[in-house]
Amino acid sequence: QVQVVESGGGWVQPGGSLRLSCAASGKIFRIYAMGWYRQAPGKQRELVAGITRGGSTNYADSVKGRFTISRDNAKNTAYLQMNSLKPEDTAVYYCNANLSVSAWGTRWDYWGQGTQVTVSS
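Visitor: What is the right way to look at the overall build of the chain in this model?
Guide: From N to C terminus, the chain includes zero helices and eleven strands. Taken from the N to the C terminus, the helices and strands of the chain come in the order β-β-β-β-β-β-β-β-β-β-β. In summary, the chain has a C-alpha radius of gyration of 14 Å against a globular reference of 14 Å for 121 residues, a match within 12%. Taking the principal axes of its C-alpha atoms as reference, the chain extends roughly 50 × 25 × 25 Å. Counting over 121 residues, the chain shows a buried share of 39%. For the chain, the exposed area adds up to about 6500 Å²; of that, 48% sits on carbon and sulfur atoms. Of note, the chain has its 13 positive side-chain charges centred 7 Å away from the centre of its 7 negative side-chain charges.

Structure, rendered in C-alpha coordinates:
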(Lines give C-alpha, C1' and ligand atoms only; values in the text may rest on other atoms or scores of the structure.)
Protein backbone atom coordinates (compact mmCIF):
# COMPACT_ATOMS: atom_id res chain seq x y z
CA GLN A 1 0.00 0.00 0.00
CA VAL A 2 1.29 3.43 -0.95
CA GLN A 3 0.26 6.70 0.64
CA VAL A 4 0.91 10.24 -0.53
CA VAL A 5 0.29 12.93 2.05
CA GLU A 6 0.49 16.69 1.59
CA SER A 7 0.96 19.23 4.34
CA GLY A 8 1.70 22.91 4.78
CA GLY A 9 -1.36 24.57 3.34
CA GLY A 10 -3.22 27.39 5.04
CA TRP A 11 -4.20 31.03 4.82
CA VAL A 12 -1.77 33.75 3.85
CA GLN A 13 -2.04 37.38 2.83
CA PRO A 14 -1.14 38.48 -0.72
CA GLY A 15 2.62 38.73 -1.08
CA GLY A 16 3.20 36.10 1.57
CA SER A 17 4.85 32.70 1.39
CA LEU A 18 3.98 29.09 2.13
CA ARG A 19 5.90 25.84 1.84
CA LEU A 20 4.07 22.66 0.93
CA SER A 21 5.44 19.20 1.63
CA CYS A 22 4.52 15.88 0.04
CA ALA A 23 5.60 12.59 1.58
CA ALA A 24 5.17 9.21 -0.09
CA SER A 25 5.32 6.09 2.05
CA GLY A 26 4.66 2.38 1.88
CA LYS A 27 5.85 -0.32 -0.49
CA ILE A 28 7.82 1.86 -2.90
CA PHE A 29 10.63 0.68 -5.13
CA ARG A 30 11.35 3.97 -6.87
CA ILE A 31 9.66 7.32 -7.37
CA TYR A 32 10.16 8.81 -10.81
CA ALA A 33 8.47 12.16 -11.46
CA MET A 34 6.69 14.13 -8.76
CA GLY A 35 4.42 17.04 -9.33
CA TRP A 36 2.19 19.61 -7.72
CA TYR A 37 -1.23 20.32 -9.20
CA ARG A 38 -3.97 22.66 -8.09
CA GLN A 39 -7.69 22.98 -8.57
CA ALA A 40 -9.64 26.13 -7.90
CA PRO A 41 -13.44 26.11 -7.51
CA GLY A 42 -15.12 25.69 -10.87
CA LYS A 43 -11.85 25.09 -12.69
CA GLN A 44 -9.99 22.07 -13.95
CA ARG A 45 -7.00 20.66 -12.14
CA GLU A 46 -3.79 22.10 -13.58
CA LEU A 47 -0.10 21.32 -13.31
CA VAL A 48 1.76 23.83 -11.17
CA ALA A 49 5.25 22.34 -11.13
CA GLY A 50 6.95 19.03 -11.84
CA ILE A 51 10.32 17.51 -11.05
CA THR A 52 12.05 14.41 -12.36
CA ARG A 53 14.08 12.03 -10.25
CA GLY A 54 17.21 13.69 -11.60
CA GLY A 55 16.01 17.14 -10.60
CA SER A 56 14.81 18.61 -13.88
CA THR A 57 11.90 20.97 -13.28
CA ASN A 58 9.06 22.56 -15.19
CA TYR A 59 6.55 25.20 -14.13
CA ALA A 60 3.27 26.67 -15.21
CA ASP A 61 3.80 30.12 -16.70
CA SER A 62 1.62 31.64 -13.99
CA VAL A 63 4.02 30.60 -11.21
CA LYS A 64 7.44 30.92 -12.85
CA GLY A 65 9.77 33.03 -10.76
CA ARG A 66 7.55 32.73 -7.67
CA PHE A 67 7.33 28.97 -6.94
CA THR A 68 10.16 26.48 -6.56
CA ILE A 69 9.77 22.72 -6.56
CA SER A 70 12.38 20.46 -4.98
CA ARG A 71 12.65 16.90 -3.74
CA ASP A 72 14.61 14.64 -1.44
CA ASN A 73 14.87 11.20 -3.04
CA ALA A 74 16.17 9.60 0.15
CA LYS A 75 13.03 10.71 2.00
CA ASN A 76 10.54 10.17 -0.87
CA THR A 77 9.48 13.75 -0.35
CA ALA A 78 8.79 16.76 -2.56
CA TYR A 79 8.36 20.39 -1.62
CA LEU A 80 6.79 23.46 -3.16
CA GLN A 81 8.08 26.81 -1.96
CA MET A 82 5.52 29.46 -2.87
CA ASN A 83 6.52 33.12 -2.66
CA SER A 84 4.78 36.34 -3.67
CA LEU A 85 1.44 34.61 -3.41
CA LYS A 86 -1.56 36.11 -5.18
CA PRO A 87 -5.30 35.65 -4.60
CA GLU A 88 -5.47 33.71 -7.87
CA ASP A 89 -3.17 31.08 -6.33
CA THR A 90 -6.03 30.09 -4.05
CA ALA A 91 -6.84 26.43 -4.69
CA VAL A 92 -6.56 22.93 -3.35
CA TYR A 93 -3.03 21.74 -4.05
CA TYR A 94 -2.44 18.08 -4.84
CA CYS A 95 0.76 16.09 -4.96
CA ASN A 96 1.31 13.43 -7.57
CA ALA A 97 3.97 10.72 -7.44
CA ASN A 98 4.73 8.49 -10.41
CA LEU A 99 6.29 5.37 -8.96
CA SER A 100 6.82 1.63 -9.12
CA VAL A 101 6.45 -0.84 -6.26
CA SER A 102 8.99 -3.35 -7.58
CA ALA A 103 12.02 -3.45 -9.87
CA TRP A 104 9.96 -4.90 -12.71
CA GLY A 105 6.69 -3.23 -11.86
CA THR A 106 4.57 -0.89 -13.85
CA ARG A 107 4.70 2.79 -13.02
CA TRP A 108 1.57 4.14 -11.42
CA ASP A 109 0.34 7.60 -10.48
CA TYR A 110 -0.55 8.13 -6.84
CA TRP A 111 -2.32 11.23 -5.55
CA GLY A 112 -2.56 12.86 -2.17
CA GLN A 113 -5.78 14.07 -0.63
CA GLY A 114 -4.97 17.73 -1.24
CA THR A 115 -4.21 20.71 0.97
CA GLN A 116 -6.06 24.02 0.84
CA VAL A 117 -4.14 27.22 0.09
CA THR A 118 -6.05 30.46 0.54
CA VAL A 119 -4.54 33.83 -0.36
CA SER A 120 -6.61 36.80 0.74
CA SER A 121 -6.46 39.96 2.76
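That was the structure; now back to the text.
Visitor: Explain the nonpolar core to me, please; I cannot follow it from the model alone.
Guide: In terms of nonpolar packing, the biggest core is built from 29 residues, with Met 34, Trp 36, Val 48, Phe 67, Leu 80, Met 82 and Tyr 93 touching the most fellow members. Contributing elements (two or more residues each) for this core: strand E1 (2–7), strand E3 (18–26), strand E4 (30–39), strand E5 (46–51), strand E7 (67–72), strand E8 (77–82), strand E9 (91–100) and strand E11 (115–119). Contacts of Met 82, omitting those with residues within four sequence positions, involve Gly 16, Ser 17, Leu 18, Leu 20, Arg 66, Phe 67, Tyr 93 and Val 117.

Visitor: Quick question: what am I supposed to make of the side chain of Asp 89 here?
Guide: When you line up the elements, Asp 89 lands in the loop between E8 and E9. For Asp 89, the side chain forms a polar contact with the main-chain nitrogen of Lys 86, separated by 2.8 Å. Ignoring sequence-local partners within four residues, the contact set of Asp 89 consists of Arg 38, Arg 66, Phe 67, Ser 84, Val 117 and Val 119.

Conventions we followed
- Residues numbered from 1 in each chain as written.
- Predicted model: local features only at pLDDT ≥ 70, side-chain atom pairs only at ≥ 80, totals over all residues.
- Heavy atoms only, no water.
- Helix = DSSP H or I, 4+ residues; strand = E, 2+ residues; numbered from the N terminus.
- Rg over C-alpha atoms; globule rule 2.2 N^0.38 Å.
- Buried < 20%, exposed > 50% of the residue type's maximum accessible area, 1.4 Å probe, protein only.
- Areas by Shrake-Rupley, 256 points an atom, 1.4 Å probe, with all protein chains shown as cover.
- Lys, Arg positive; Asp, Glu negative; His and termini not counted.
- Charge placed at Lys NZ, Arg CZ, Asp CG, Glu CD.
- Core = buried A, V, L, I, M, F, W, Y, C linked by side-chain atoms within 4.5 Å.
- Contact = heavy atoms within 4.5 Å.
- Polar contact = N/O pair within 3.5 Å; in protein donor to acceptor, adjacent residues only side chain to side chain.

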